Amino acid sequence: MSIQERRTLLSIASAIAIPTVYAVYSLPGLPAGDAYAPEVFRFWGQFFLVLIPVVIVAKILITILFSIIDGILTREAEPDFEDERDKLIEQRALNGGQYVFGLGFMGAMLALVAGYPPSVMFIVLLATGIGSELFSELVRFTLYRRGF
Amino acid sequence: MSKPTIRNTIRKLRFEHDEMTQQALAEKVSVTRQTIVAIENAKYYPTLELAFRIARAFGRPLEDVFIYDETGQ
């Protein structure tokens with residue numbers, strides 16, 4: 001398994017783990033009662049505003065740890081640049097993720113149209129974010145594994 | 001009808017060049033070793049520019065390194 005494949009597997013794991021842990025920690029704070037109260041919107045705004053830096057910092061730390069541990073275990077130097085194949089794979093993975101995000105965004109809007117409370121829309125958006133990243137990483141892993 | 005494929009002789013050419021390692025070739029043509037592995041195994045078709053760089057690394061014309069096989073065999 002190449003270093004890119006190992007790195008992608010780690011990204012898949014962190015794409016699931018980081019938002020899940022954060023959601024488990026934060027969601028109990030969702031205000032009960034009126035589903036349309038301003039506090040509910042404030043909660044979700046804060047939820048996403050904090051989630052973004054949490055994900056960024058956690059990913060940086062995980063990447064650094066991975067580089068150190070992988071380097072010790074495999075003694076394989078991590079490439080310090082992206083070549084044409086990496087860039088092509090990156091582009092295809094991003095495209096795949098964008099399609100999933102587009103579908104999820106429509107799903108979130110449909111939830112509003114169908115009369116579900118705003119929290120459902122925000123949960124669909126959160127799931128969409130996780131799903132699109134997962135799909136993107138799976139595309140990346142498949143392309144590194146199988147070639148194209 | 002078989003799909004046309006592009007075969008390559010990189011493995012053979014590396015052998016003929018003092019068993020040049022994949023890493024050495026990768027450094028010569030400025031790509032990662034994984035990309036050379038993928039090209040050798042026909043899992044990735046390089047851009048024309050990279051194909052030329054690989055051919056020049058071996059001092060051979062492009063057609064000696066990459067062979068367009070219309071029969072797909």
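Residues numbered from 1 in each chain as written. Chains lettered and ligands numbered in written order. Predicted model: local features only at pLDDT ≥ 70, side-chain atom pairs only at ≥ 80, totals over all residues. Heavy atoms only, no water.

Let us now look at the side chain of Gln4 of chain A. Within the secondary structure, Gln4 of chain A is located in helix 1 (residues 3–26). Not counting chain neighbours up to four residues away, the residues in contact with Gln4 of chain A comprise Pro79, Asp86 and Tyr144 of chain A together with Thr32 and Gln34 of chain B. (Helix = DSSP H or I, 4+ residues; strand = E, 2+ residues; numbered from the N terminus. Contact = heavy atoms within 4.5 Å.)

Bringing the packing of helix 2 (residues 38–74) of chain A against helix 4 (residues 118–146) of chain A into the picture now. Residues and elements named next belong to chain A. Taken N-terminus to C-terminus, the directions of helix 2 and helix 4 make an angle of 15 degrees; their axes are 10 Å apart at the nearest point. One finds that helix 2 runs roughly parallel with respect to helix 4. Considering the relative orientation of helix 2 and helix 4, their crossing is right-handed. Each of Val40, Phe41, Trp44, Phe47, Phe48, Leu51 and Lys59 in helix 2 lies in contact with helix 4, whose residues at this interface are Pro118, Ser119, Phe122, Ile123, Leu125, Leu126 and Glu133. Looking at side-chain class alone, the contact of helix 2 with helix 4 contains 11 nonpolar, 1 polar and 2 charged residues. (Axes fitted to C-alpha atoms, helices over the stretch in contact; angles between N-to-C directions. Parallel < 35°, antiparallel > 145°, perpendicular 65-115°, else oblique. Left-handed = near helix turned anticlockwise from the far one by under 90°. Nonpolar A, V, L, I, M, F, W, Y, C, P; charged D, E, K, R; others polar.)

With that settled, the discussion passes to the interface of chain A and chain B. Contacts between the two partners involve 15 residues from chain A, matched on the other side by 13 residues from chain B. When chain A packs against chain B, close to 1,100 Å² is buried across both sides, 49% of that on carbon and sulfur atoms. On the surface where chain A and chain B come into contact, there are 0 salt bridges. Inspection of the chain A/chain B interface yields 5 residue pairs in polar contact (both at pLDDT 80 or more). Counting residues per element, the ones that place at least two in the side of chain A that touches chain B are helix 1, helix 3 (84–113) and helix 4 of chain A. Broken down by element, the side of chain A that touches chain B gets its largest block of residues, 4 residues, from helix 3 of chain A. Taken together, the residues of the side of chain A that touches chain B sort by class into 5 nonpolar, 3 polar and 7 charged. (Buried area = accessible area lost by both parts, 1.4 Å probe. Salt bridge = Lys/Arg side-chain N within 4 Å of Asp/Glu carboxyl O. Polar contact = N/O pair within 3.5 Å; in protein donor to acceptor, adjacent residues only side chain to side chain.)

With that settled, the discussion passes to the nonpolar core. Judged by nonpolar contacts, the single largest core of 20 residues is most densely connected at Ile10, Leu25, Val29, Ile54 and Phe66 of chain B. Of all the secondary-structure elements, those providing two or more residues to this core are helix 1 (10–16), helix 2 (22–29), helix 3 (33–40), helix 4 (48–57) and helix 5 (62–65) of chain B. It is helix 4 of chain B that contributes the most residues to this core, 5 residues altogether. The next biggest cluster of nonpolar side chains, apart from the first, holds 17 residues, and it includes Ile18, Tyr22, Ala37 and Phe43 of chain A. (Core = buried A, V, L, I, M, F, W, Y, C linked by side-chain atoms within 4.5 Å. Buried < 20%, exposed > 50% of the residue type's maximum accessible area, 1.4 Å probe, protein only.)

Looking at chain A as a whole, the pLDDT averages 93, with 99% of positions reaching at least 70. Mean pLDDT per element in chain A: helix 1 of chain A is the minimum at 93, and helix 3 of chain A is the maximum at 96. (pLDDT = per-residue confidence, 0-100.)

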